[in-house]
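Observations on the three-dimensional arrangement
Here are the chains, one letter per residue:
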Amino acid sequence: MSREIESRRTILGNLPLARNLRGRRFQALALALALVIAALVVPALPVTRAGVAVLAVMDITGSMNVRDYTRDGRPESRLETAKAALRRMVADLPCGSRVALALFTERRPFLLFTPVEVCADFAPLDGALAAIDWRMAWEGDSRVAAGLYRAVEMAAGLGTDLLFVTDGQETPPLPGGRIPPFEGKPGLVRGLIVGAGAYGLSPIPRFDDRGRERGFYAETDVQQENRFGPPPADAESRAGYNPRNAPFGAAAAVGSEHLSSVREDHLKQLAASTGLAYAHLDAAGGLDRPLIAAGTPRPLPGRIDPRPVLGGLALALVLGTLLAAPLRSLLRRAAASLSTTNLMRFRKA
């Protein structure tokens, strides 16, 4: 009886249909068909992502033209690197996030537009970031602390977090190096101060009234010390000191204000006084994660559509099945040709 059963199984196993069911080609095509059916019926999967609503403020003062970054082996200014970083950040933010844009120079930010959605309005937002230029500045001073405090107020009015990109160089220097007090509530507006620039001093490019570069600023071209307000603690030890006529001394101030680096200590102090976080701009990218970490949690409902992945896998299986036999035949002919060539060389030798 068992021999009869085994004989029937052997006969059934040798049938063409049974052989096809065991064949890898049939199995691959069947799996591709199953993936196609799944792509037609599987719905999109709901997910929740972390988004932001942020006011991005860009420093466009003269020191942001310092070329202490590199891209593709070429020097690049802080402003261009910061612009590239913001453009990449906008591209990396999840849909539903909103971004407003403002420019900073002198002592206040100027709002270009209120928050827009990063996906629906990506083209105009990216175009506005790409078009930022130092020539848009309306004054030459750079009172970073005052500009940051006003940017915090602006972000509060818009109901957003704040992203403030600057190298932190105060022009003119702060009187006595003292940071002006922050009159707002620390932490009321969350966000990130981004320090742009290298840690070593670099010359600041100088431009004429037509926007053409004309060398670099010299020590005598830049105010090295702010002599408004009360004199510093060491005033009495300075040459020519007179409490009435020369409270800062009689000699001209000397220093390195004509050179520039990221003023990280100053920016960290400003971050501590306002309740913001701080991050250094190392390259043209990677701002989305520290911004989301420092900003207000804003969950955004979204969906993941698996249909393109399922359809792509099905297409890959079909193409692999159709091309497998020709590829095997081609490889066999190549191997046979190589063996023949080697045999002929061996005989000649």
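Here goes a summary of the coordinates provided. (Residues numbered from 1 in each chain as written. Predicted model: local features only at pLDDT ≥ 70, side-chain atom pairs only at ≥ 80, totals over all residues. Heavy atoms only, no water.)

Time to look at the environment of Ser-260. In this structure, Ser-260 sits in strand 12 (residues 259-260). Residue class for Ser-260 comes out buried when judged on its relative accessible area of 0%. Put simply, Ser-260 and Val-66 are 194 residues apart on the chain and 7.5 Å apart in space, counted from C-alpha to C-alpha. With near-sequence residues (within four places) excluded, Ser-260 lies in contact with Ser-63, Val-66, Arg-78, Asp-167, Gln-169, Gly-200, Leu-201, Ser-202 and Ile-204. Engagement of the side chain of Ser-260 in a polar contact is seen with the side chain of Arg-78, the distance being 2.7 Å. At a separation of 2.6 Å, a polar atom in the side chain of Ser-260 contacts the side chain of Gln-169. (Helix = DSSP H or I, 4+ residues; strand = E, 2+ residues; numbered from the N terminus. Buried < 20%, exposed > 50% of the residue type's maximum accessible area, 1.4 Å probe, protein only. Contact = heavy atoms within 4.5 Å. Polar contact = N/O pair within 3.5 Å; in protein donor to acceptor, adjacent residues only side chain to side chain.)

A few words now on the packing of helix 6 (residues 144-158) against helix 7 (residues 264-274). With their axes 11 Å apart at the nearest point, helix 6 and helix 7 run at an angle of 30 degrees to one another. Comparing their axes, helix 7 and helix 6 come out roughly parallel. Classified by chirality, the crossing of helix 7 by helix 6 is right-handed. Contacts between helix 6 and helix 7 involve Val-144, Ala-145, Leu-148 and Tyr-149 from the former and Leu-267, Leu-270, Ser-273 and Thr-274 from the latter. When its residues are assigned to classes, the contact of helix 6 with helix 7 shows six nonpolar, two polar and no charged. (Axes fitted to C-alpha atoms, helices over the stretch in contact; angles between N-to-C directions. Parallel < 35°, antiparallel > 145°, perpendicular 65-115°, else oblique. Left-handed = near helix turned anticlockwise from the far one by under 90°. Nonpolar A, V, L, I, M, F, W, Y, C, P; charged D, E, K, R; others polar.)

On the surface, Arg-24, Arg-25, Arg-328 and Arg-332 cluster together to form a positively charged patch. Contributing elements (two or more residues each) for the positive patch: helix 3 (24-41) and helix 9 (307-348). With respect to the helices and strands, the residue Arg-24 is situated in helix 3. (Patch = residues over 30% accessible without salt bridge, like charges linked within 9 Å, V, L, I, M, F, W, Y side chains within 5 Å. Areas by Shrake-Rupley, 256 points an atom, 1.4 Å probe, with all protein chains shown as cover. Salt bridge = Lys/Arg side-chain N within 4 Å of Asp/Glu carboxyl O. Lys, Arg positive; Asp, Glu negative; His and termini not counted. Charge placed at Lys NZ, Arg CZ, Asp CG, Glu CD.)

Don't take any of this as a statement about function, it's just geometry.
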